[in-house]
Amino acid sequence: MLTRRGIRVTGVVQGVGFRPFVHGLAHSLGLTGLVGNDDAGVFIEVQGTPAEIDKFIFRLRGEAPPLARVEAIDVFNLECIKAEDFVIVDSRFTDGSVTTVPPDSSVCEQCWRDVQDPANRRYRYPFTTCTHCGPRYTLITGLPYDRPQTTMAGFTMCDDCTAEYTDVTDRRFHAQPIACGACGPSLQFVSDSSELYADAALGATLDALEAGEIVAIKGVGGYHLACDADNPGAVRRLRERKGRGNKPFAVMLPTSAAADAVVHVDEELRELLDSRESPIVLAPARDSALVASVAPGQHRVGIMVAYSPLHRLLFEPHPDRANLGQPRALVMTSGNVADEPICTTSIEAQERLAHIADAFLHHDRGIHVACDDSVIAETGQPIRRSRGYTPMPLTMPFSAPPLLALGGELKTTVCLAQGERAWMSQHIGDTANVETLTLLERTASTLGELLRISPDVVVTDMHPGYLSRRWGITRAHEIGAQVMEVQHHHAHLASLLAEHEWPADEPVIGFTFDGTGFGADGDIWGGEILVGGYLNVSRMGHLAPVLLPGGDAAVKRPARTALAHLLQAGVNLSDDLPPLADMNATERSVVTSMLATGTHCTPTTSMGRLFDAVSSLLDVRHSSDYEGQAAIELEAMAELADSEAVGPGFALADHEGVLIADPAPLLVHIVDSARTGASPPELARMFHNAIADMVVAAAERISAETGIRMVGLTGGVFANRILEAQCQGRLEASGFAVLVHRLVPPNDGGLAFGQAAVAAAKLGG
Ligand code: ZN
Ligand code: ZN
Ligand code: FE
């Protein structure tokens with residue numbers, strides 16, 4: 001007896017070889033029918049015996065192609081028809097329902113084999129891709145995902161490529177970015193003295209890198225600035241020209257096996273490095289000479305594996321360069337100027353990177369959406385969720401009205417949500433900068449158009465000075481949307497809860513530690529103990545406030561913050577204290593009088609600033625080149641400790657029902673111990689442990705009152721691995737359950753997702 005069933009598959013099922021897979025599967029089971037793409041995903045009709053159809057549905061999920069992500073399979077009955085074969089039919093695009101766009105994927109093994117094979121027509125072709133790999137999000141200009149709606153539209157396929165593209169049994173069947181040397185994009189090398197094309201451009205790039213030059217290389221989501229990582233002079237020049245201070249650079253290696261010479265690669269790290277997302281992974285360093293140059297003051301280095309054929313060819317012997325070598329490791333840092341967005345076109349790169357790069361390696365495959373590399377800690381905690389992950393949807397714990405959330409100011413991403421899904425954008429950056437704010441505007445509209453979401457609600461931070469908030473209010477007005485503000489740390493906590501699909505009605509104790517966030521009372525918060533959930537939180541505790549001399553200016557000058565904390569703790573200020581020793585007489589008297597009178601001072605409860613203060617107190621860092629540097633270097637120092645030192649910790653006092661965590665006893669102890677010659681690494685370690693003990697003590701006190709046993713750890717400070725591990729370990733040992741970030745960043749890069757969750761809880765549910 002024959003039956004016919006309609007099947008709807010949703011998820012990431014377009015542009016990933018799903019239709020040929022369905023075609024092959026139906027054939028192997030002797031089923032007839034059809035498959036095609038539409039707005040919502042893939043539609044299938046199959047006809048055959050019920051048993052074979054059941055097998056088909058089972059294998060549909062289990063054997064889906066590598067880049068596919070099947071979210072749902074809905075089956076319904078149809079009338080049998082006279083059918084003779086199983087066919088792929090034209091795409092149907094009708095209504096405006098939401099579909100998903102695949103993220104970019106690193107080159108697959110088969111394509112890399114093609115590139116290495118001298119007999120293959122794609123030998124050494126840097127833009128080789130197939131349905132299992134290659135760029136997607138960065139080159140899609142609209143949906144349905146078809147070649148005319150990609151930046152490949154201008155390249156007409158040659159006969160050989162057409163044959164592959166139309167052969168349902170071929171790995172490149174309907175691979176939209178398909179190309180070869182005869183018909184596809186090509187390379188161009190430009191320096192002051194030469195201009196070369198195709199493989200010769202690659203040879204010239206290797207020559208330049210070997211000579212210690214800096215080359216701006218166009219990749220998948222934008223330009224990188226590259227130099228030989230084993231040439232300290234070149235790395236120093238790049239650092240100087242980029243005005244980057246001691247901020248670490250990421251390093252690219254050809255394979256995870258090669259990476260093992262630079263960092264300790266264990267099984268988990270290998271998996272992350274070789275994943276389709278191919279992020280930068282922060283890993284414990286093995287090669288100290290390389291690390292001293294690319295990541296000064298740290299024991300960890302950001303490593304990634306060459307993820308496109310072009311990148312991989314940079315590490316291969318070049319046919320024109322007999323007897324000459326190729327780099328072992330390359331510094332690959334975003335091709336941008338300071339806080340500006342990454343460059344994506346040759347014109348932009350030639351203009352804006354002219355003072356940094358000695359030469360350029362361009363290509364003519366357009367980048368529609370700029371996408372920086374993603375960064376993941378070895379624990380799996382995301383630090384920057386961008387290329388490879390965006391725009392893979394996240395699941396919302398409840399249904400959202402169509403909305404757009406704009407994040408904060410630093411490390412900005414935006415987030416669109418509708419129904420039970422949320423799409424976080426790629427990394428946008430610091431939107432205090434006008435160019436970056438423009439990128440935010442563009443990203444919000446391109447992502448919205450791609451997903452066909454017209455927001456009814458625009459969600460922003462409460463900070464009156466954030467440009468993203470101002471733009472959001474104007475934008476909401478233009479499109480007739482409602483504006484909703486979400487307090488910064490509430491959004492952090494909601495992002496953590498939402499990534500765990502935490503239910504709306506179960507409160508947690510949230511330790512929300514970061515550098516800066518606008519508080520509900522107008523002060524700068526950042527050491528917050530919030531109790532509640534998506535709908536509302538109450539501030540049940542926080543760090544004891546200190547005055548920040550000069551407000552934001554103190555962020556760049558940990559020594560000043562140290563002075564503020566020392567005064568507050570009642571420490572006698574003597575010249576031997578490292579922060580004071582680092583100041584000249586003028587600065588000291590200016591800062592001291594500011595603190596005494598409170599002029600130009602902002603009160604803050606920031607945990608990030610407390611890390612700054614201790615970093616300066618232990619003579620680790622008195623001035624910062626980049627956000628979080630003092631804390632990162634303090635953590636690196638704590639890693640060197642060989643014991644878990646204990647000492648007096650925070651004083652935890654109840655002030656009218658609010659717990660105040662005062663670091664004074666801890667700071668006094670650190671000063672005394674340092675004076676009597678205690679080792680700085682032990683003291684740095686003790687500081688971390690003292691915070692973890694305070695967290696447990698505060699959780700116990702709040703739990704006794706509320707009965708809550710679930711704790712969340714969120715905010716940028718929890719990018720600190722020692723702190724996260726110590727807090728989690730000690731809380732669990734005390735019987736608490738603990739939520740930590742593994743899907744979205746704990747820092748402000750995850751804020752928009754949390755804002756979306758709060759808005760959805762309040763308006764949808
Ligand atoms: Zn491939
Ligand atoms: Zn071709
Ligand atoms: Fe924050």
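Residue positions are given per chain, counting from 1 as you read along its sequence in written order. Lettering for chains starts from A, numbering for ligands starts from 1, and both go in the order in which the items are written. Local features in a predicted model are, by the rule used here, given only for residues with pLDDT of at least 70; side-chain atom pairs are given and counted only at 80 or more, and totals for whole chains, interfaces and linings are based on all residues. Side-chain figures throughout are based on the complete set of non-hydrogen atoms in the structure, without hydrogens or water.

Visitor: Lay out the coordination of the iron ion (ligand 3) in plain terms, naming residues and giving numbers.
Guide: Each pair of donors in an ideal octahedron of six around a metal sits at 90 or 180 degrees, and each pair in an ideal tetrahedron of four sits at 109.5 degrees. Shown as donors are all N, O and S atoms within 2.8 Å of a metal ion, widened to 3.2 Å for Na, K and Ca; because water is not in the atom set, sites may appear incomplete. All of the protein donors around the iron ion (ligand 3) are His488 (NE2), His492 (NE2), Asp514 (OD) and Asp748 (OD); their distances to the metal are 2.1 to 2.2 Å. Taken together, the four donor atoms coordinating the iron ion (ligand 3) span angles of 84 to 170° at the metal, a pattern that classifies the geometry as irregular. Each donor residue of the iron ion (ligand 3) belongs to the same chain, with the gaps between them written as H-x3-H-x21-D-x233-D. Residue His492 is found in helix H14 (residues 488–499), and its partner Asp514 is found in strand S21 (residues 508–518); the two are separated by 22 residues along the sequence. Exposure categories follow from relative accessible area, calculated using a 1.4 Å probe and restricted to protein chains: below 20% of the type maximum is buried, above 50% is exposed, and the middle band is partly exposed. Classification of Asp514 by relative accessible area gives buried; the value is 3%. For a four-donor site, all angles between 85 and 135 degrees give tetrahedral; for four or six donors, opposite pairs above 155 degrees with the remaining angles between 65 and 115 give square planar or octahedral; all remaining cases count as irregular. Only DSSP runs of H or I reaching four residues or more are called helices, and only runs of E reaching two or more are called strands; each is numbered from the N terminus.

Visitor: Lay out the coordination of the zinc ion (ligand 1) with the relevant residues and their values.
Guide: Protein coordination at the zinc ion (ligand 1) comes from Cys108 (SG), Cys111 (SG), Cys130 (SG) and Cys133 (SG), with a distance range of 2.3 to 2.4 Å. Bound by four donor atoms, the zinc ion (ligand 1) shows angles of 104 to 120° at the metal and therefore tetrahedral coordination geometry. One chain supplies every donor for the zinc ion (ligand 1), spaced along it as C-x2-C-x18-C-x2-C. We note that Cys130, like Cys133, is buried.

Visitor: How would you sum up the pattern of salt bridges? Please name residues and give values.
Guide: A carboxyl oxygen of Asp or Glu within 4 Å of a side-chain nitrogen of Lys or Arg is what we treat as a salt bridge. Under the counting rule described, the total for this entry stands at 45 salt bridges. The salt bridge partner of Arg122 is Glu164, with a shortest N-O separation of 2.7 Å. Taken as a pair, Arg122 in the loop between helix H3 (109–116) and helix H4 (159–166) and Glu164 in helix H4 lie far apart in primary sequence, 42 residues in all. Assessed through its relative accessible area of 1%, Arg122 is described here as buried. Connected through shared salt-bridge partners, Asp114, Arg121, Arg122, Glu164, Arg171 and Arg172 make up one network.

Visitor: Can you break down the packing of helix H1 (residues 18–28) against helix H2 (residues 50–62) residue by residue, with the values?
Guide: With their axes 10 Å apart at the nearest point, H1 and H2 run at an angle of 145° to one another. The way H1 lies across H2 gives a crossing that is right-handed. Residue-level inspection shows Phe18, Phe21, Val22, Leu25, Ala26 and Ser28 of H1 in contact with H2, the latter providing Phe56, Arg59 and Leu60. Three residue categories are used. Nonpolar comprises Ala, Val, Leu, Ile, Met, Phe, Trp, Tyr, Cys and Pro, charged comprises Asp, Glu, Lys and Arg, and polar comprises the others, including Gly. Grouping the amino acids of the contact of H1 with H2 by side-chain chemistry returns seven nonpolar, one polar and one charged. Angles run from 0 to 180 degrees between N-to-C directions of axes, and those axes are lines fitted to C-alpha atoms, restricted for helices to the stretch in contact. We call a crossing left-handed when the near helix sits turned anticlockwise from the far one by less than a right angle, and right-handed when that turn is clockwise. The contact rule is simple, with two residues in contact once any of their heavy atoms fall within 4.5 Å.

Visitor: Break down the pairing of strand S27 (residues 658–662) for me, with residues and values.
Guide: Any two strands with at least two DSSP bridges between them are considered paired. Pairing of strand S23 (residues 537–543) with S27 involves three bridges; the strand directions are parallel. Pairing of His542 across the sheet is with Ile660, part of S27. Relative to S27, strand S26 (residues 651–655) runs antiparallel, the two being bridged by five bridges. The residue of S27 that forms the bridge with Asp654 is Leu659.

Visitor: Would you mind going over the sheet that holds strand S19 (residues 457–460) in detail, with residue names and values included?
Guide: Strand order in the open sheet made by the four strands is S18-S17-S19-S20, with mixed pairing throughout. Edge positions in the sheet fall to strand S18 (415–424) and strand S20 (482–485), since each has one partner strand and no second. Sheet twist, expressed as the mean angle between neighbouring strand axes with direction ignored, is 55°. As judged from the three bridges shared by strand S17 (residues 394–405) and S19, these two strands associate in the parallel manner. In the sheet register, Ala405 faces S19, and the bridge partner there is Val459. Along the sheet, helix H23 (residues 751–763) contacts S17, S18, S19 and S20; its crossing angle with S17, the most-contacted strand, is approximately 95°.

Visitor: Hey, could you go over helix H6 (residues 232–242) for me, with residue numbers and the actual values?
Guide: Helical periodicity: at 3.6 residues per turn, an α-helix aligns residues three or four positions apart in one direction. Taken together, the buried positions of H6 are Gly233, Ala234, Val235, Leu238, Arg239 and Lys242. Looking at the buried positions of H6, the neighbouring elements they touch are strand S9 (223–228), helix H9 (288–294) and strand S13 (330–334). Here a polar contact is taken to be a pair of N or O atoms separated by no more than 3.5 Å, where protein atoms must pair a possible hydrogen donor with a possible acceptor and residues adjacent in sequence count only if both atoms sit in side chains. Here H6 starts with a cap whose side-chain oxygen sits 3.1 Å from the backbone nitrogen of Gly233, and that cap is Asn231. Immediately downstream of H6, the backbone of Gly243 shows phi near 60°, a positive value.

Visitor: Which residues make up the sheet that holds strand S7 (residues 195–197), and what values go with them?
Guide: The strand order across the open sheet built from eleven strands is S7-S6-S14-S8-S9-S13-S10-S12-S11-S15-S16, with neighbouring strands paired in mixed fashion. Each edge of the sheet is formed by a strand with only one pairing partner; in this case those strands are S7 and strand S16 (382–384). Adjacent strand axes in the sheet meet at a mean angle of 30° when their direction is disregarded. Where strand S8 (residues 215–218) and S9 come together, four bridges link them in antiparallel fashion. Residue Ile217 lies in a different strand from S9, and its bridge partner there is His224. Packed on one face of the sheet, helix H5 (residues 198–210) meets strand S6 (187–191), S7, S8, S9, S13 and strand S14 (359–363) and runs near 40° to S6. Together, S9 and S13 form the strand contacts of H6, whose direction differs from that of S9 by roughly 145°.

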